[in-house]
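So you can see what is in the structure, the chains are spelled out below.
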Amino acid sequence: MEKLHSQPAWQHLQQQFFATGDAAPVQAGLSTAIEQMTIDAFQATLGTLSDSNVAMLAVGGFGRRELFPFSDVDVLILIDRESQAVAMKSPLSEFVRVLWDAGLRLSHSVRTVAECAEIHEGNVELSISLLDRRLLAGSPDLYAKLETKLQGFFARQGRTLTRHLCQLARERHEKFQNTFYHLEPNVKETPGGLRDLHLIHWFGKLRKPDEEVTARLSAPTAFMHSLRCFLHYQARRDQNLLSFDAQESLVSQAYVEFREPAELMREYFRNARVIASEARRALDWHERSESSLASQFRDWRSRLSNTEFTVSNERIYLRSPAQLTNDPAIVLRLLEFVARHGIPLAAETERRLEQAASAFAAYCEAPGQPLWPLLRNILSLPHAALALRAMHDTALLQVMFPEWKTISCLVVPDFYHRYTVDEHTLVAIEKLAELAVRKDPALGRFSDIYSEIEDLALLRFALLFHDSGKGAHSGDHARLSVELARAAMQRIQMRPEEQSAVEFLIEHHLDLSAVMNSRDLHDPATARMLAGRIGTLERLKLLTLLTYADISAVNPAAMTPWRIEQLWQAYRAAHQQLLHDLESERIQDLPPDVPDPDGFLKGFPSRYLRTHTPDDIRTHLRLYEFSRSTGVAVQLEVAGGVHRATIVAGDRPALFSSLAGGLSSFGMDILKAEAFSNAQGMVLDTFVFSDPKRTLELNPTENDRLRQTLEDIALGQFDSEQIVKLVTGSATAGRQKKRTVEPSVHFDADACDTATLVEIITEDRPGLLYDLSSAISDAGCNIDVVLIDTEGRKAIDVFYVATNGGKLSSNVVSGLSATLLSLC
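Residues numbered from 1 in each chain as written. Predicted model: local features only at pLDDT ≥ 70, side-chain atom pairs only at ≥ 80, totals over all residues. Heavy atoms only, no water.

Asks: Help me get a handle on the overall build of the chain, residues and values and all.
Replies: Within the chain, the regular secondary structure consists of 39 helices and 14 strands. Along the first, second and third principal axes, the C-alpha set of the chain runs to 95 × 70 × 50 Å. Relative to its full complement of 824 residues, the chain shows a buried share of 55%. For the chain, the share of sequence-separated contacts (at least 6 apart) that also reach a separation of at least 24 residues comes to 70%. Here the chain displays about 35,900 Å² of accessible surface, and carbon together with sulfur accounts for 50% of that area. (Helix = DSSP H or I, 4+ residues; strand = E, 2+ residues; numbered from the N terminus. Buried < 20%, exposed > 50% of the residue type's maximum accessible area, 1.4 Å probe, protein only. Contact = heavy atoms within 4.5 Å. Areas by Shrake-Rupley, 256 points an atom, 1.4 Å probe, with all protein chains shown as cover.)

Here it is as structure tokens:
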């Protein structure tokens, strides 16, 4: 449609939109102009047929007159019988060509009246599009015939279409994790977007429109239409993703009242919440209406109903809504009922709670009101997450805890996080509850820890406040979160010892994730540091589960098998230290069944035995035996969703960085690396890496080529210039145009007994590890361990580095710091 938008009339529509932000004139103008274009094309082509029993209908968005600048234009060519299709083949092709040449994004279909009045299991969208139909040109009699047919069709098949609409909506919502709180939402498809507005509209077409709902959705509809109109004009195509860049661009527009993206997104979520709530309530109502009268009666008499609450069709109703005003404590009793039985609130009950917000606020604010005992009951029950979600959806969570207002709908731009701060918090609590179900065998160890927790209420309360300090926009958010939680805990009269436990969890909620990303988990110094900070086994268990929930709620793919294992290793290290059951600091004796007659292991750091099983050691010894005749041995394997490369070879300058460069040249992302050297000058280097493009899986021969490349590098058959070319060639296409992570380099001489820890945080890019490790080697330093982790575009690279068997001198630190920072 680009050529259309270059015309003066269409440019005027665009100018008018950017002056006011009102999409309605654009939709009206586009609809009028495109209607005339299609009518002219129809009359010049299909209208010339001798058989005039043909009609052209606008359907879908075109039928609703809701066209956006680069929307598809949906038309249906209606015929009376199949035999007409042959005669109209050539005129139809000309009709399509004329409109495409004019610049329209035309989507057309040809259907008989009979086809329009029947269900097509593979194309339900046809019946849905016909809910929004109007005659543009052609035979009025044929259109009248269709109208008569469709009245009976929708009367007969309305329930079937309703079921299809519900199923399609549920599947679409599931793709977006059933939440509208996405940092970069799709304004059309995400829950709370335009597709949910269409859903409510279609339900109204099939049953009867609810005028009150229509009135409530008027402002949110105008808001969403304006957003989509802007996104189309900005991208010059059918673009519906409200990305971070689009948010920045949008707040610079004169018609937008918000000057900060966070303020804009708060307004977006406020409108999306209204739409999503109405869509969810409509879905619930239509799905429940499908049940039989007998099942409804049985459900009404459910044994779960009591004197205050009624359970009907798997939803909770209030027996006496007036009680919300007379006895506001019923709100907490209702939430306890939800948390105990896992049954959602009915739409009517949610509306009642929203209307009772002021009475509940007065109840919560009453001096000396002991809210904690009632809240503790809720947070201790199996479905506490559902109760908290209900509180949030009805805005009662902010009523009880005003501290939550600053993080409600709060967007913190981060390519790693998926949700707003409040949604991340609720998802974390939901992820914690999933451990009780034990669906995933890989999480069995954490489910075991979960089953050992005696006080889940404190853990859930800590999660509820762990990110509350992010609303301050600056400062240490963990410390600020503690301050907000402390004020809330004192107000609800939590006991001092419980407050202390919650404050500890919030203050240290990043400790385990920081350690698992940036410390050698098998170094005794790491275990001692963790044990010293955590203090007790119970706190370790609570902190481990909080960390699991926090990471899992970042985005659906955040808790990878690799991170699961890293968290477990962090837990185990601290657990063993707390039990005073760590292995010896130094290698004493090898396992009896692992002979080492040639002394290959002599000279390895003592941590080698702690980081490798007897099977690992036997594998390394076999590789060493193989390398004695060839000079090198390389093993590639896949385990736990990641790849591992193990190399045994004679040591040489910059060998580690060269091997890292070889892996990077194949597009591999290195997650972790270890480097050991023995007294004979042999090295054992291990790289754990992911294959983001599935190169090795889809091209089996690439495994052999990668193995050969690593062997050649280990044997010195690639010089440093060749390695640089390999890495540079791979890195060129992947460089980011704009830096989003401020680089930092930190040296820590106390993190390890025998080496200096170097932590580098910077923008991730191909070849980064090669550049950094090369610089360290060029400075005359030995690399013992490398730990790599990435969070979106952020790379966290940690090296344990030594010179002459000891920690780095101040002069080496000074020079190396400048070099590493320049590479970032």
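Asks: Talk me through the sheet that holds strand 3 (residues 106-112); I want residue IDs and the actual numbers.
Replies: If you trace the 4 strands from one edge of the open sheet to the other, you get 3-2-1-4, paired in mixed fashion. Two strands in the sheet have a free side with no partner beyond their single neighbour: strand 3 and strand 4 (133-138). Adjacent strand axes in the sheet meet at a mean angle of 30 degrees when their direction is disregarded. For strand 1 (residues 54-59) and strand 4, the ladder comprises 5 bridges, and the chain directions are antiparallel. Directly across from Ala58, in strand 4, lies its bridge partner Arg134. (Pairing = 2+ DSSP bridges. Axes fitted to C-alpha atoms, helices over the stretch in contact; angles between N-to-C directions.)

Asks: Just give me the short version of the environment of Arg288, but keep the residues and values in it.
Replies: Here Arg288 shows up in helix 14 (residues 261-288). According to the relative accessible area criterion, Arg288 is buried, its value standing at 15%.

Asks: Could you give an account of the pattern of salt bridges, with specific residues and numbers?
Replies: In total, this model carries 49 salt bridges according to the counting rule given. A salt bridge links Arg134 to Glu35, with the nearest nitrogen and oxygen atoms 2.8 Å apart. On the criterion of sequence distance, the pair formed by Arg134 in strand 4 and Glu35 in helix 3 (residues 24-44) is long-range, its members being 99 residues apart. Each member of the pair, Arg134 as well as Glu35, is classed as buried. In this structure, the salt-bridge partner of Asp511 is Arg533, at a minimum N-O distance of 3.4 Å. In this pair, Asp511 sits in helix 28 (residues 511-518) while Arg533 sits in helix 29 (residues 524-534), placing the two residues 22 residues apart along the sequence. For Arg533, a relative accessible area of 44% puts it in the partly exposed group. Among the charged side chains, a network of salt bridges with common partners joins Arg216, Glu278, Arg280, Arg281, Glu350, Arg351 and Glu354. (Salt bridge = Lys/Arg side-chain N within 4 Å of Asp/Glu carboxyl O.)

Asks: I'd like to hear about helix 10 (residues 194-206), residue by residue, with values.
Replies: With 13 residues, helix 10 should cover 18 Å at 1.5 Å per step; its first-to-last C-alpha distance of 19 Å lies within 8% of that length. Among all positions of helix 10, only Leu194, Asp196, Leu197, His198, Leu199, Ile200, Trp202, Phe203, Gly204 and Leu206 are buried. Residues of helix 10 that are buried in the fold lie against helix 8 (124-129), helix 9 (140-175), helix 11 (211-216), helix 12 (218-235) and helix 14. (Expected span 1.5 Å × (residues − 1).)

Asks: Residues and numbers for the packing of helix 24 (residues 444-452) against helix 31 (residues 561-578), please.
Replies: Following both chains from N to C, one finds helix 24 and helix 31 inclined at 45 degrees, their axes separated by 10 Å at the closest point. The angle between helix 24 and helix 31 places the two elements in the oblique class. On helix 31, the residues touching Arg445, Phe446 and Ile449 of helix 24 are Ile564, Glu565, Leu567, Trp568 and Tyr571. Considered class by class, the residues forming the contact of helix 24 with helix 31 number 6 nonpolar, no polar and 2 charged. (Parallel < 35°, antiparallel > 145°, perpendicular 65-115°, else oblique. Nonpolar A, V, L, I, M, F, W, Y, C, P; charged D, E, K, R; others polar.)

Asks: An account of the pairing of strand 2 (residues 73-79) is requested, with residue identities and associated values reported.
Replies: In regular strands, side chains alternate between the two faces of the sheet. Counting buried positions along strand 2 yields 6 of 7 residues, so the element is predominantly enclosed. Relative to strand 3, strand 2 runs parallel, the two sharing 7 bridges. What sits directly across from Ile77, in strand 3, is Val110.

Asks: Which residues make up the packing of aromatic side chains, and what values go with them?
Replies: Across all of its chains, the model carries 20 aromatic pairs by this definition. Aromatic pair Tyr268 and Phe269: ring centres 5.3 Å apart, planes at 75 degrees, arrangement edge-to-face. Neither residue differs from the other here; Tyr268 and Phe269 are each classed as buried. Ring centres of Trp568 and Tyr571 lie 5.2 Å apart, and the angle between their planes is 35 degrees; this geometry places the pair in the tilted category. A residue pair is termed a helical-turn pair when its members lie 3 or 4 positions apart in one helix, as Trp568 and Tyr571 do in helix 31 at 3 residues. Since its relative accessible area comes to 16%, Trp568 is described here as buried. What links up through ring pairs into an aromatic cluster is the set Phe17, Phe18, Phe230, Tyr233 and Tyr255. (Phe/Tyr/Trp six-rings, centres within 6.5 Å; stacked < 30°, edge-to-face > 60°.)

Asks: Pulling in residues and values, what's your account of the nonpolar core?
Replies: With 101 residues, the main nonpolar core has Phe360, Trp372, Met400, Phe401 and Phe461 as its most contacted residues. Ranked by the residues each element gives to this core, the list is headed by helix 25 (residues 456-465), at 9 residues. Non-local contacts of Phe461, meaning those with residues more than four positions away in its chain, are made with Trp372, Leu375, Leu379, Phe401, Met489, Ile492, Met494 and Val502. In terms of nonpolar packing, the next biggest core, distinct from the first, is built from 94 residues, Leu30, Ile39, Ile77 and Ala246 among them. (Core = buried A, V, L, I, M, F, W, Y, C linked by side-chain atoms within 4.5 Å.)

Asks: Account for unusual backbone geometry, naming residues and giving values.
Replies: Unusually for a residue other than glycine, Arg65 sits at a positive phi of about 60 degrees. As for its position among the elements, Arg65 is in the loop between helix 4 (60-63) and strand 2. In this model, Ala654 sits at a positive phi of 60 degrees, which is unusual for a non-glycine residue. Tracing the backbone through its elements, the reader meets Ala654 in the loop between strand 8 (642-650) and helix 34 (655-665).

Asks: Tell me about the packing of helix 12 against helix 14, and please be specific about residues and values.
Replies: Their axes nearest at 9 Å, the elements helix 12 and helix 14 cross at an angle of 125 degrees. Between helix 12 and helix 14, the angle falls in the class oblique. As helix 12 packs across helix 14, the resulting crossing turns out to be left-handed. Where helix 12 approaches helix 14, its residues Ala219, Pro220, Phe223, Met224 and Leu227 are matched on the opposing element by Glu267, Tyr268, Asn271, Ala272, Val274 and Ile275. Grouping the amino acids of the contact of helix 12 with helix 14 by side-chain chemistry returns 9 nonpolar, 1 polar and 1 charged. (Left-handed = near helix turned anticlockwise from the far one by under 90°.)

Asks: Before we move on, can you summarise the side chain of Gln84 with the specific residues and values?
Replies: With respect to the helices, strands and loops of the structure, Gln84 is situated in helix 5 (residues 84-87). Residue contacts for Gln84: discarding those within four places in its chain leaves Asp51, Asn53, Val54 and Ile79.

Asks: Quick rundown of the side chain of Gln369? Include the residues and the values.
Replies: By the secondary structure assignment, Gln369 is in the loop between helix 19 (357-365) and helix 20 (372-380). Those residues in contact with Gln369 that sit more than four places away from it in its chain are Tyr363, Cys364, Arg491 and Gln493.

Asks: Please set out the confidence of the model for the chain residue by residue, giving values where relevant.
Replies: Across the chain, the average pLDDT comes to 87, with 91% of residues at 70 or higher. Confidence drops under pLDDT 50 across residues 580-587; counting only partners more than four residues distant or on other chains, this segment forms 18 contacts. Predicted confidence for residues 732-737 stays below pLDDT 50, and this span has 3 contacts to residues more than four positions away or in other chains. (pLDDT = per-residue confidence, 0-100.)

Asks: Describe the environment of Ala557, and please don't skip the residues or the numbers.
Replies: Relative to the helices and strands, Ala557 resides in the loop between helix 30 (537-552) and helix 31. For Ala557, a relative accessible area of 57% puts it in the exposed group. Remark: the alpha-carbon pair of Ala557 and His108, spanning 449 residues in sequence, is separated by 39 Å.

Asks: Provide a residue-level description of helix 38 (residues 768-778), including the pertinent values.
Replies: Residues that lie three or four places apart on an α-helix share one face, since the helix turns once every 3.6 residues. Most of helix 38 is tucked away: 8 of the 11 residues are buried. For helix 38, the complete set of buried residues consists of Leu768, Leu769, Tyr770, Leu772, Ser773, Ser774, Ala775 and Ile776. Just past helix 38, the residue Gly780 takes up positive phi, approximately 80 degrees.

Asks: Go over a negative patch on the surface, please, and point to the residues and values.
Replies: Taken together, the side chains of Asp245, Glu248, Glu260 and Glu263 make up a negatively charged region of the molecular surface. Relative to the helices and strands, Asp245 resides in helix 13 (residues 244-250). Judged by relative accessible area, which is 58%, Asp245 ranks as exposed. (Patch = residues over 30% accessible without salt bridge, like charges linked within 9 Å, V, L, I, M, F, W, Y side chains within 5 Å. Lys, Arg positive; Asp, Glu negative; His and termini not counted. Charge placed at Lys NZ, Arg CZ, Asp CG, Glu CD.)

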